[in-house]
Amino acid sequence: MADRRNLWLWLALGLVSAGFLAWQLRAPQDVILVLRGQKLLALICVGAATGAATVLFQTIAMNRLLTPGIVGFDALFVLMQTLLVAALGGVGLAQIPGTIRFGLEAAVLVGAASALFGILLRRDAGDITRMILTGVILGVLLRGLASMVQRLLDPSEFAVVQQAMFASFGRVPADQLTAAILCLGGALFVALRMAPALDVAGLGRGAARGLGLDHDRLVRVTLMLIAVLVAVSTALVGPISFLGLLAASLARQITDTHRHAVLIPAAALIGALILVAGQFIFERLLGQQSALAVVVEFLGGLLFLALVLRKVRA
Amino acid sequence: MSRLWLIPILAGLILISLALGAASLSQDAGWLLMVSRIPRTLAALLAGAGLALAGVVVQQAVQNRLVEPSLTGTPEACMLGLLVVTLIAPGMAVAGKMLVAAASALVGMGGFLMLADRVPRQDPMLLPIVGLVYGGILGAVATWFAWSADLMQYLGIWMLGEFSGVMIGRYEWLWSVALLAGLLYVLADRITLLGLGQTQARALGLDYGQTRALGLVIVAALTALVLVTVGAFPFVGLVAPNLVSRWRGDNLRANLPVVALLGAMLVLGADVIGRVIRYPFEIPAATVFAVLGAGVFLWLLRKAAERAPHG
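Residues numbered from 1 in each chain as written. Chains lettered and ligands numbered in written order. Predicted model: local features only at pLDDT ≥ 70, side-chain atom pairs only at ≥ 80, totals over all residues. Heavy atoms only, no water.

**A few points about the overall build of chain B**
At step 1: Each helix and strand in chain B was counted, giving 12 helices and 0 strands.
At step 2: In chain B, the succession of α and β elements from N to C terminus is α-α-α-α-α-α-α-α-α-α-α-α.
At step 3: Whereas a compact globule of 311 residues would reach a radius of gyration of roughly 19 Å, chain B reaches 19 Å, a difference of no more than 12%.
At step 4: If one aligns the C-alpha atoms of chain B with their principal axes, the spans along those axes are about 65 × 55 × 35 Å.
At step 5: A total of 311 residues make up chain B; the buried ones form 54% of that total.
At step 6: Long-range contacts, defined as pairs at least 24 residues apart, comprise 76% of the intrachain contacts of chain B with a sequence gap of at least 6.
At step 7: For chain B, the accessible surface area stands at approximately 12900 Å², while carbon and sulfur atoms represent 68% of it. (Helix = DSSP H or I, 4+ residues; strand = E, 2+ residues; numbered from the N terminus. Rg over C-alpha atoms; globule rule 2.2 N^0.38 Å. Buried < 20%, exposed > 50% of the residue type's maximum accessible area, 1.4 Å probe, protein only. Contact = heavy atoms within 4.5 Å. Areas by Shrake-Rupley, 256 points an atom, 1.4 Å probe, with all protein chains shown as cover.)

**Re the overall build of chain A**
At step 1: Across its full length, chain A holds 14 helices and 0 strands.
At step 2: Starting at the N terminus and ending at the C terminus, chain A contains elements arranged as α-α-α-α-α-α-α-α-α-α-α-α-α-α.
At step 3: Counting across all 314 residues of chain A, residues that qualify as buried make up 55%.
At step 4: Partitioning the contacts of chain A with sequence separation of at least 6, the portion at a separation of at least 24 is 76%.
At step 5: Total accessible area on chain A stands at roughly 13600 Å², and carbon and sulfur atoms take up 66% of it.

**Describing the UniProt feature "transmembrane region" (unreviewed entry) in chain B**
Residue and element names in this part refer to chain B.
At step 1: Cross-referencing UniProt, the feature "transmembrane region" (unreviewed entry) maps to residues 42–62, 74–92, 98–116, 125–145, 173–193, 213–244, 256–277 and 283–301 in the present numbering.
At step 2: Split by type, residues 74–92 is 79% helix and 0% strand. Its first and last C-alpha atoms lie 22 Å apart.
At step 3: What you have in residues 256–277 is 100% helix and 0% strand, and the ends, taken at the C-alpha atoms, are 31 Å apart. (UniProt positions renumbered as here; feature names shortened; annotations may be inferred.)

**Comments concerning the interface of chain B and chain A**
At step 1: Residue-level contacts link 40 residues of chain B with 36 residues of chain A.
At step 2: Counting the surface lost from both chain B and chain A, the interface buries some 3400 Å², and carbon and sulfur atoms represent 80% of this.
At step 3: Summed over the three residues of chain B that lose the most area to chain A, namely Ile129, Ile137 and Arg302 of chain B, the buried surface amounts to 16% of that side.
At step 4: Across the contact surface, chain B and chain A share 0 salt bridges.
At step 5: For the side of chain B that touches chain A, the elements supplying multiple residues, two or more each, are helix H4 (94–118), helix H5 (126–148) and helix H12 (285–307) of chain B.
At step 6: Here the element with the most residues in the side of chain B that touches chain A is H5 of chain B; it accounts for 14 residues.
At step 7: Class assignment for the residues of the side of chain B that touches chain A results in 30 nonpolar, 5 polar and 5 charged. (Buried area = accessible area lost by both parts, 1.4 Å probe. Salt bridge = Lys/Arg side-chain N within 4 Å of Asp/Glu carboxyl O. Nonpolar A, V, L, I, M, F, W, Y, C, P; charged D, E, K, R; others polar.)

**Focus on the nonpolar core**
At step 1: By size, the foremost hydrophobic cluster in this structure holds 203 residues, and its most contacted members are Phe304 of chain A together with Phe163, Val230, Phe233 and Phe297 of chain B.
At step 2: Here this core takes 15 residues from helix H2 (residues 29–62) of chain B, the largest share from any one element.
At step 3: Discounting residues that sit within four places of it in the chain, phenylalanine 233 of chain B has contacts with Leu51, Gly161, Glu162, Phe163, Val226, Val267, Ala285 and Ala286 of chain B. (Core = buried A, V, L, I, M, F, W, Y, C linked by side-chain atoms within 4.5 Å.)

**Regarding the UniProt feature "transmembrane region" (unreviewed entry) in chain A**
At step 1: Mapped onto this structure's residue numbering, the UniProt feature "transmembrane region" (unreviewed entry) falls at residues 7–25, 40–61, 73–96, 102–121, 223–250, 262–282 and 288–309 of chain A.
At step 2: In residues 262–282 of chain A, the share of helix is 100% and the share of strand is 0%. The end C-alpha atoms are 30 Å apart.

**Observations regarding the packing of aromatic side chains**
All names here are of chain B.
At step 1: In total, this model carries 3 aromatic pairs over all chains according to the counting rule given.
At step 2: Here phenylalanine 163 and phenylalanine 233 contribute two aromatic rings whose centre-to-centre distance is 5.3 Å and whose plane-to-plane angle is 25 degrees, an arrangement assigned as stacked. Taken together, the residues phenylalanine 163 in the loop between helix H6 (152–159) and helix H7 (175–194) and phenylalanine 233 in the loop between helix H9 (208–229) and helix H10 (236–248) connect sequence positions 70 residues apart. This pair shows no difference in class: phenylalanine 163 is buried, exactly as phenylalanine 233 is.
At step 3: Between phenylalanine 235 and phenylalanine 297 the ring centres are 5.9 Å apart and the planes differ by 90 degrees, which places this aromatic pair in the edge-to-face class. Taken together, the residues phenylalanine 235 in the loop between H9 and H10 and phenylalanine 297 in helix H12 connect sequence positions 62 residues apart. Of the two residues, phenylalanine 235 and phenylalanine 297, neither departs from the other in class, the shared state being buried.
At step 4: Between the NZ or CZ atom of arginine 246 and the centre of the ring of tryptophan 299, over which it lies, the distance is 5.5 Å.
At step 5: Stacked on the ring of tyrosine 185, the Lys or Arg arginine 253 has its end atom at 5.4 Å from the ring centre. (Phe/Tyr/Trp six-rings, centres within 6.5 Å; stacked < 30°, edge-to-face > 60°. Lys NZ or Arg CZ within 6 Å of the ring centre and 35° of its normal.)

**What about the packing of helix H3 (residues 74–88) of chain B against H6 of chain B?**
Residues and elements named next belong to chain B.
At step 1: Contact geometry of H3 with H6 gives a least axis separation of 11 Å together with a crossing angle of 145 degrees. In this structure, H3 crosses over H6, and the sense of that crossing is right-handed. Where H3 approaches H6, its residues Met79, Leu82, Leu83 and Thr86 are matched on the opposing element by Tyr154, Leu155, Trp158 and Met159.
At step 2: Among the residues forming the contact of H3 with H6, the class breakdown is 7 nonpolar, 1 polar and no charged. (Axes fitted to C-alpha atoms, helices over the stretch in contact; angles between N-to-C directions. Left-handed = near helix turned anticlockwise from the far one by under 90°.)

**Some details on H5 of chain B**
Three or four residues apart is the spacing at which side chains of an α-helix point the same way, because the helix has 3.6 residues per turn.
At step 1: When the terminal C-alpha atoms of H5 of chain B are compared, their 33 Å separation across 23 residues agrees well with the 33 Å that a helix rising 1.5 Å per residue should span.
At step 2: A positive phi of about 60 degrees marks aspartate 150 of chain B, the residue just after H5 of chain B. (Expected span 1.5 Å × (residues − 1).)

**Quick look at the packing of H7 of chain B against H9 of chain B**
Residue and element names in this part refer to chain B.
At step 1: It is the contact of H7 with H9, at a shortest axis distance of 10 Å, that shows an interaxial angle of 150 degrees. When the axis of H7 is compared with that of H9, the two are roughly antiparallel. Relative to H9, H7 is oriented so that their crossing is left-handed. Along its contact with H7, which presents Ser176, Val177, Leu180, Leu183, Leu184, Leu187, Arg190 and Leu194, the element H9 presents Tyr208, Gln210, Thr211, Arg212, Leu214, Ile218, Ala221, Leu222 and Leu225.
At step 2: Here the contact of H7 with H9 is built from residues that sort into 12 nonpolar, 3 polar and 2 charged. (Parallel < 35°, antiparallel > 145°, perpendicular 65-115°, else oblique.)

**Considerations on the side chain of asparagine 242 of chain B**
Residue and element names in this part refer to chain B.
At step 1: In this structure, asparagine 242 sits in helix H10.
At step 2: Taking the relative accessible area as the measure of exposure, asparagine 242 reaches 3% and is therefore buried.
At step 3: Reaching out from asparagine 242, the side chain makes a polar contact with the backbone oxygen of leucine 238 at a distance of 2.9 Å.
At step 4: The residues touching asparagine 242, leaving out its near neighbours within four places in the chain, are Gln59, Arg65 and Leu300. (Polar contact = N/O pair within 3.5 Å; in protein donor to acceptor, adjacent residues only side chain to side chain.)

**Notes on a nonpolar patch on the surface**
At step 1: There is a patch of nonpolar side chains on the surface, built from Trp23, Ile281, Leu285 and Leu286 of chain A and spanning about 370 Å² of accessible area.
At step 2: Considering the arrangement of structural elements, one finds leucine 286 of chain A in the loop between helix H13 (260–285) and helix H14 (291–313). (Patch = residues over 30% accessible without salt bridge, like charges linked within 9 Å, V, L, I, M, F, W, Y side chains within 5 Å.)

**Focus: unusual backbone geometry**
Residues and elements named next belong to chain B.
At step 1: The residue glutamine 63 is not glycine, and still its phi comes out positive at about 55 degrees.
At step 2: Topologically, glutamine 63 is positioned in the loop between H2 and H3.
At step 3: Looking at glutamine 63, the relative accessible area reads 32%, which means it is partly exposed.
At step 4: Backbone geometry at phenylalanine 235 places phi at a positive 80 degrees, although glycine is not the residue there.

**Here's the deal with the pattern of salt bridges**
Residue and element names in this part refer to chain B.
At step 1: What the rule picks out here adds up to 5 salt bridges over all chains.
At step 2: One salt bridge connects aspartate 117 with arginine 212, and the closest N-O pair in it is separated by 3.7 Å. Within this pair, whereas aspartate 117 is found in helix H4, its partner arginine 212 is found in helix H9, the two being separated by 95 residues in sequence.
At step 3: A salt bridge links aspartate 189 to arginine 253, with the nearest nitrogen and oxygen atoms 3.0 Å apart. Taken together, the positions of aspartate 189 in helix H7 and arginine 253 in helix H11 (residues 252–277) put the pair 64 residues apart, joining distant regions of the chain.
At step 4: Arginine 253 sits in the partly exposed class, given a relative accessible area of 30%.
At step 5: Linked through salt bridges whose partners overlap, the residues forming this network are Arg40, Asp271, Arg275 and Glu282.

What follows is the structure, given as structure tokens:
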């Protein structure tokens, strides 16, 4: 049953991707195909990583309203990027090969994120609204710190950070894309293998421990996975806070299940589908390059408000 | 009175602000002070006072201490109005643009109030979240407008409040803040009653709707004034009223001057810090304030949770 639903998502993604590649394909076909292919892969990577990360995050936070973006995960990433440039210098950072840099950034982020959000989840887990608000304000704080450090940099190094922060789908370096796909594939694989344990964790800490699950360890590992997934997507395109919420909510609606073996792939597919279809519509049909992130932000925000108000009524 | 010790600190900050800058004061000191330093210092003081007062009124109107103008979508709505008027009538005088900005700020705040009435009051943390997301939605629309009209840089200038561009002739509108502050002082008792909620305020003989509307017009005007002249400053309206209320209780008529004073000091202080950290380069005051203000907000959250019966 559930597998067939995901099959439809696979089909849809395949169709949209084919359309994305083949629409108005002109003269130097192989060159354009390679460029479009890279862009397509980047979009799928980011969408899938964001969708999967959000489902994982919602499960360990026991709350359907959360996304890593809302509670400042990506702000943390931007701050780490900035600090790395500040510590190593723009030139120093440029000398590190892309793959190693990617790994370095991911490692630093995973450590910091696990510590910070681990504390946040443990201390405030009982009071969800306070946790969200703390996370949001923490995000503002981290963003402020990041821009403060950026101002302290030399103008040339500031430019390096800015380039890293506003990377668009247009120019994703091939080696970074390869590293991203490897990381994403690995993280998704681990997440799927953990799916049964995550199902149990969704029952709550007490019940999960009663059933023999090492809940604290699971939360730690899941936070690391989320950190890797968010790092992948933010490194490729920059922060999009509400995409994950859209993907995870739609996945829960469509699959109508709590089983993570179905939910995680569905959310990943939907995230990728939103980005690829959105980019196709806005860039190819409407001729507007950057409107996609804004529209996703707008719709995601509306959905979030609707969810908050509905949950409060119920 | 204990509040008198604020005045020497303020005087010290003003002196530092006047003495500080990339240009040396040894030549043409009078001219430099007149054209640049004094306007800059005054602009910071007035903007801080105005935002802090706007914060008080919003908090009373929605009965929630964790809310402030920048968490109600008001700056974003204001920005949207400014963008639209810039697109339709680029040559309009500043006064006209200011009016449009204030009107759209008012509409934005009206939308927030409609949302706020649907959010239950048991959980004080819920309203700021709703406000943040509401502001995010309006901000997304503003960004889209700015993007399609190629006005992103224009938008960026307003998104980040700072004073480095303030010179003589560019801040005088902020004097209306003083005027509005006087008006608020006259209304202080009625706005205090607003904080009791609709039923009790009515029972005490207050025209609730009218007072709330008047208070919000003042907030919209203050927000628009500051935004158009120097840019957006998050958290000022949150931090100043909360600190004063923790320190001195809730007598609004007695507190309003202190709140205004504290707001002015905080913004000027942030500006001074921003100028010192990487002299002679500058960090925008709003950036400094975002870090400090977010810290204070997190502290307030802990305190609010300790006081609340649940959680």
